[in-house]
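# Survey of secondary and tertiary structure
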Amino acid sequence: MQELVIRRPDDWHLHLRDGGMLRGVIADTSRHFARAIIMPNLVPPVVTSADAAAYRERILAAVPRGHRFEPLMTLYLTEGTDPDDVETGFRNGLVKAVKLYPAGATTNSHSGVRDITKVMPVLERMAEIGMPLCVHGEVTTPEVDIFDREAVFIETVLDPLRRRLPDLRITMEHVTTKDGIDYIKEHAANLAGSITTHHLIINRNAILVGGIKPHYYCLPVAKRETHRLALRAATVSGDVRFFLGTDSAPHADPLKECACGCAGIYTSINTLSCLAHVFEEEGALDRLEAFTSLNGPAWYGLPVNEDTITLRRGDEPVRYPAKIETEAGPVTVFDPMFPLYWAVV
Ligand SMILES: NC(=O)N[C@@H](CC(=O)O)C(=O)O
Ligand SMILES: [Zn+2]
Ligand SMILES: [Zn+2]
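Just so it is clear, the model here is predicted, and its values are computed rather than measured. Sequence order as written defines residue numbering, which begins from 1 separately in each chain. As a convention, the first chain written is A and the first ligand written is 1, with the rest following in written order. Where totals are concerned, whole chains, interfaces and linings use all residues; where local detail is concerned, this predicted model gives features only for residues with pLDDT of at least 70, and gives and counts side-chain atom pairs only at 80 or more. Hydrogen atoms and water are omitted, and side-chain values are computed over all heavy atoms in the structure.

### Observations regarding the pairing of strand β5 (residues 95-100)
Throughout, exposure labels follow a simple rule: accessible area from a 1.4 Å probe, protein chains only, divided by the maximum for the residue type, with under 20% read as buried, over 50% as exposed, and the rest as partly exposed. Elements are defined by DSSP. Helices are runs of H or I of four residues or more, strands are runs of E of two residues or more, and each kind is numbered from the N terminus. Burial of β5 is extensive: 6 of the 6 residues sit out of reach of the surface. One ladder, built from 4 bridges, connects strand β4 (residues 70-76) with β5; its direction is parallel. Following the sheet pairing, M73 is matched in β5 by V95. Strands are labelled as partners when DSSP assigns at least two bridges between them. Pairing of β5 with strand β6 (residues 133-135) involves 3 bridges; the strand directions are parallel. Residue pairing across strands places V98 opposite L133, the latter belonging to β6.

### Concerning the UniProt feature "modified residue: N6-carboxylysine" (unreviewed entry) in the protein chain
UniProt positions are given in the numbering used here, feature names are shortened, and annotations may be inferred rather than shown by experiment. Under the feature "modified residue: N6-carboxylysine" (unreviewed entry), the UniProt entry names K99. Of the residues examined, K99 reaches a relative accessible area of 1% and is grouped as buried. If near-sequence neighbours (up to four positions away) are discounted, K99 is found in contact with H13, M39, P40, L75, Y76, L77, C134, V135, H136 and E173. It only takes one pair of heavy atoms within 4.5 Å for two residues to be counted as in contact.

### Examining the coordination of the zinc ion (ligand 2)
Coordination of the zinc ion (ligand 2) by the protein is provided by H136 (ND1) and H174 (NE2), with metal-donor distances spanning 2.0 to 2.1 Å. Coordination at the zinc ion (ligand 2) comes from 4 donor atoms whose angles at the metal span 54 to 147 degrees, giving a geometry best classed as irregular. Each metal site lists N, O and S donors within 2.8 Å (3.2 Å for Na, K and Ca). With water left out of the atoms, a site can look as if it is missing ligands. The two metals, the zinc ion (ligand 2) and the zinc ion (ligand 3), are separated by 3.8 Å. Residue H136 is located in the loop between β6 and α5 (149-164), and its partner H174 is located in the loop between β7 (170-172) and α6 (178-186); the two are separated by 38 residues in the primary sequence. A four-donor site is called tetrahedral if each angle lies between 85 and 135 degrees; a four-donor site is square planar, and a six-donor site octahedral, when trans pairs exceed 155 degrees and the remaining angles lie between 65 and 115; all other cases are labelled irregular.

### Quick look at the environment of A27
Structurally, the position occupied by A27 is in helix α1 (residues 19-30). A C-alpha to C-alpha distance of 8.6 Å links A27 and I269, two positions 242 residues apart in sequence. Non-local contacts of A27, meaning those with residues more than four positions away in its chain, are made with P64 and H67.

### Describing the coordination of the zinc ion (ligand 3)
As a benchmark, a tetrahedral metal site with four donors has ideal angles of 109.5 degrees, while an octahedral site with six donors has ideal angles of 90 or 180 degrees. At 1.9 to 2.0 Å from the zinc ion (ligand 3) lie its protein donor atoms, namely H13 (NE2), H15 (NE2) and D247 (OD). Between the 4 donor atoms coordinating the zinc ion (ligand 3), the angles at the centre fall across 93 to 133 degrees, so the site counts as tetrahedral. Coordination of the zinc ion (ligand 3) draws on donor residues from a single chain, spaced H-x1-H-x231-D in sequence. For H15, a relative accessible area of 7% corresponds to the buried category.

### What to know about the sheet that holds strand β1 (residues 2-7)
With antiparallel pairing, 3 strands are arranged side by side in an open sheet as β1-β10-β13. The strands lining the two open edges of the sheet, one partner per strand, are β1 and β13 (342-344). Strand after strand, the sheet turns through a mean of 25 degrees between neighbouring axes, direction not considered. Where strand β10 (residues 308-313) lies against β13, 3 bridges are found, and the strand directions are antiparallel. When the bridges of β13 are listed, R312 appears paired with A343. Across the sheet, helix α11 (residues 288-300) lies against β1 and β10, angled at about 25 degrees from β1, the strand it touches most. Working convention: axes come from line fits to C-alpha atoms, limited for helices to the stretch in contact. Angles between N-to-C directions cover 0 to 180 degrees.

### Quick word on the sheet that holds β4
Within a sheet, neighbouring strands are paired by backbone hydrogen bonds and run either parallel or antiparallel to one another. If you walk across this open sheet you meet the 8 strands as β2-β3-β4-β5-β6-β7-β8-β9, and the pairing is parallel. Both edges of this open sheet fall to β2 (11-14) and β9 (242-244), since each of them pairs with a single strand only. The sheet shows a mean angle of 30 degrees between the axes of neighbouring strands, direction not considered. Where β7 lies against strand β8 (residues 191-195), 3 bridges are found, and the strand directions are parallel. Within β8, the position partnered with T171 by the bridge is A192.

Structure, rendered in structure tokens:
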């Protein structure tokens, strides 16, 4: 038996939803993670500091007794966002980042940004005060192939934005391509990337081979194998610019198992088992902690967690439920398609 003690991890990109879904999923995160950057794509979205304060209270009310969990709030950037409200939320410590969704790019992104020039006053203010911008980095131009949307975003939106506002700190969230990894590596200043658990494990075959598999569908969509390998190399490298953002994104099964299923993979419950497996395969267990617990706090300017968790590798596979039940319906759990031996003790 093998054991690994690491500082308690944080999740730098998480969807908790609201109401019955929030109550159904929160424990799967708060059991293992101390903090998480909470995505603001509710319906309606979390746009103002007041919205974020109210959502934070709803999250805290749902955390099970005995768990300690700190939600790190974000604001959903719209073309009507007020720079003063953003600054106030940031200065009083409530809001950690602003989230840019190109309109139409992903789940609940219709209130997002159509014309980036309209949000320049907000972005300029953020650059001034050192507030990070989290981006869903995909263009939505219908002519651009869905597998190329991240690479085209880097070239046509991200790079020009970084040139225009070199002081703006940007998190490229859920990087899915070698292009994204290379871009971050080549541009050290004010740029970091979060990587999901599932993109380290699946490539696009998981979605399409042997039948269409809606529970492997998320956005940005998984790419070809070369990209997965680039993500894995960056993840286990220990490079401080890369850290975990699970993008665990629960949807009730009927909303995924239908003619127009929505994007999102639910990984909160087994993420650490999956990650330990990946790091072990790569011979890099000694760097797991950097990815899950050190690099993220460094980027967001927060202290690392003082307490630890213990991962243990058992002789028998760990069993996770195929689905969790929530008041909002059943949610299928990510199946990595191999047995998992590591579990948090
Ligand atoms: N990742 C996903 O596939 N879905 C996310 C949205 C997002 O992070 O883009 C969701 O909110 O369901
Ligand atoms: Zn996204
Ligand atoms: Zn997400």
